[in-house]
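Tertiary structure, described
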Amino acid sequence: MNTITKAFDSAQVENAEKQITVRKNMDFSQNDIPKYWFAGSPFKTRVADSLQMTFPVGERYFIESVRAYRDDITDDKLKSEVKDFIMQEAQHGISHEQINDLLRAQGMPIDKMEKRLKSILNNHTKKLSREFNIAHTAATEHLTALMAKAFFHYRSTMQGVDPNMRGLLAWHAVEEMEHRAVAFDVMRHASKASEAQRYTAMALVSTLMPLFTLARAVIMLRVDGYTSFQIARMMVSKDGLPWLFAKEGILRGITSEYADWYRRDFHPNMHPMVHNYQDWVDVYEKTGDPIEAGNAMWAAGY
Ligand SMILES: [Fe+2]
Ligand SMILES: [Fe+2]
């Protein structure tokens, strides 16, 4: 028994590890998605748009970082999880790129933003070590799994969100939870990434991701026609930065799980799954409809 398993209640760890299921051909009726799909709020919508527009390029980078170790993985279970991880991430990229097409049609400079991100991440792949890239990927995967909790733990967070977008985000959240340990296990078992690289990667990504997300959201709001003054007012309103960072903001409840990354015995499966994970799975298995499954997951929030 390894130290991680010893450190946590075994029932909880068992509950925390789920089968990675590859689901294809997801249809989120993107043509019916309203411009301000996040409860009619321009600020919330553009922050979420700004985050989601990075997923196709970001997920390709995660795939590359994990693939770089394909010949070093000896464990058959991990090999097969890597395959499923790659397939899940590829599907996420396809669906989020469809949303990016909607944003392009609204005049958003998605091509420019994707090009910039691609050039940063290509530089990482070419110039930084394989170890740092897998540590960076594992750190970002920890954040994406925590986002699943941040968005779906409480019903109030996704109140008033367009059901197609909520369905897309719920499906993505469920699969991020399922494969949350894969990049970490590759880093631990197939790479020689140091603890210093692991901590530095998280410190970097958790600082830069919110900053870049907000910066792109501001650009999008400017394209929407809002003035700098109007954007500044949006940011200080209760639906602005307090919605994200205040005591009652959506990032509440994930700070201690975020901080656990810096423990030496951290493992993604030390945390329970988002409590309404199974509600999504049950409805999806019954109906094959990811929008209904997303509704069920949301309705089961606390
Ligand atoms: Fe993903
Ligand atoms: Fe992921």
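The structure we're discussing is the one just above.
An account of the accompanying structure is given in this report. Predicted, not measured: the structure shown is a model, and the values here were computed from it.

So, on to the overall build of the chain. Within the chain, the regular secondary structure consists of 15 helices and zero strands. Relative to the 2.2 N^0.38 estimate, which gives 19 Å for 302 residues, the radius of gyration of the chain is 19 Å and therefore close to what a compact globule would have. Principal-axis analysis of the C-alpha atoms gives the chain an extent of 55 × 45 × 40 Å. When burial is assessed residue by residue, the chain has 41% of its 302 residues classed as buried. By sequence separation, contacts in the chain at least 24 residues apart represent 83% of the contacts at least 6 residues apart.

On to helix α9 (residues 182-190), then. Counting buried positions along α9 yields seven of nine residues, so the element is predominantly enclosed. Those residues of α9 lying buried are Val182, Ala183, Phe184, Asp185, Val186, Met187 and Ala190. Against the buried residues of α9 lie α4 (55-67), α5 (76-105) and α7 (130-152).

So, about the nonpolar core. Counting 44 residues, the largest nonpolar core has Phe152, Ala170, Ala173 and Trp280 as the members making the most contacts within it. Mapped by element, the contributors of at least two residues to this core are α3 (42-52), α5, α6 (110-127), α7, α8 (163-178), α10 (195-223), α14 (277-287) and α15 (290-299). Looking at this core element by element, the count peaks at eight residues for α8. In this view, tryptophan 280 contacts Ala170, Val174, Ala293, Ala296 and Met297; residues no more than four positions away in its chain are not counted. The next biggest cluster of nonpolar side chains, apart from the first, holds 27 residues, and it includes Ala138, Ala183, Met187 and Met202.

All right, on to α8 then. For α8, with 16 residues, the first-to-last C-alpha span of 22 Å sits near the 22 Å given by 1.5 Å per residue. Taken across its 16 residues, α8 has 15 buried, putting it largely inside the fold.

Residue asparagine 25 is not a glycine yet carries a positive backbone phi of 55 degrees. As for its placement among the helices and strands, asparagine 25 is situated in the loop between α2 (10-16) and α3.

Their axes nearest at 8 Å, the elements α7 and α10 cross at an angle of 55 degrees. Regarding the angle of α7 to α10, the classification is oblique. Seen along the crossing, α7 lies across α10 with a hand that is right-handed. Here α7 contributes Glu131, Phe132, Ala135, His136, Ala139, Thr140 and Leu143 to the contact with α10, which in turn contributes Gln197, Arg198, Ala201, Met202, Val205, Ser206 and Met209. Residue composition of the contact of α7 with α10, by class: eight nonpolar, four polar and two charged.

Note that serine 237 resides in the loop between α11 (228-236) and α12 (241-245). The class for serine 237 is partly exposed, based on 13 C-beta atoms found within 10 Å. The sequence separation of serine 237 and phenylalanine 43 amounts to 194 residues, and the corresponding C-alpha distance is 10.0 Å.

Conventions we followed
Residues numbered from 1 in each chain as written. Chains lettered and ligands numbered in written order. Predicted model: local features only at pLDDT ≥ 70, side-chain atom pairs only at ≥ 80, totals over all residues. Helix = DSSP H or I, 4+ residues; strand = E, 2+ residues; numbered from the N terminus. Rg over C-alpha atoms; globule rule 2.2 N^0.38 Å. Buried ≥ 20, exposed ≤ 12 C-beta atoms within 10 Å, placed from the backbone. Contact = placed C-beta atoms within 7 Å. Core = buried A, V, L, I, M, F, W, Y, C linked by C-beta atoms within 7 Å. Expected span 1.5 Å × (residues − 1). Axes fitted to C-alpha atoms, helices over the stretch in contact; angles between N-to-C directions. Parallel < 35°, antiparallel > 145°, perpendicular 65-115°, else oblique. Left-handed = near helix turned anticlockwise from the far one by under 90°. Nonpolar A, V, L, I, M, F, W, Y, C, P; charged D, E, K, R; others polar.

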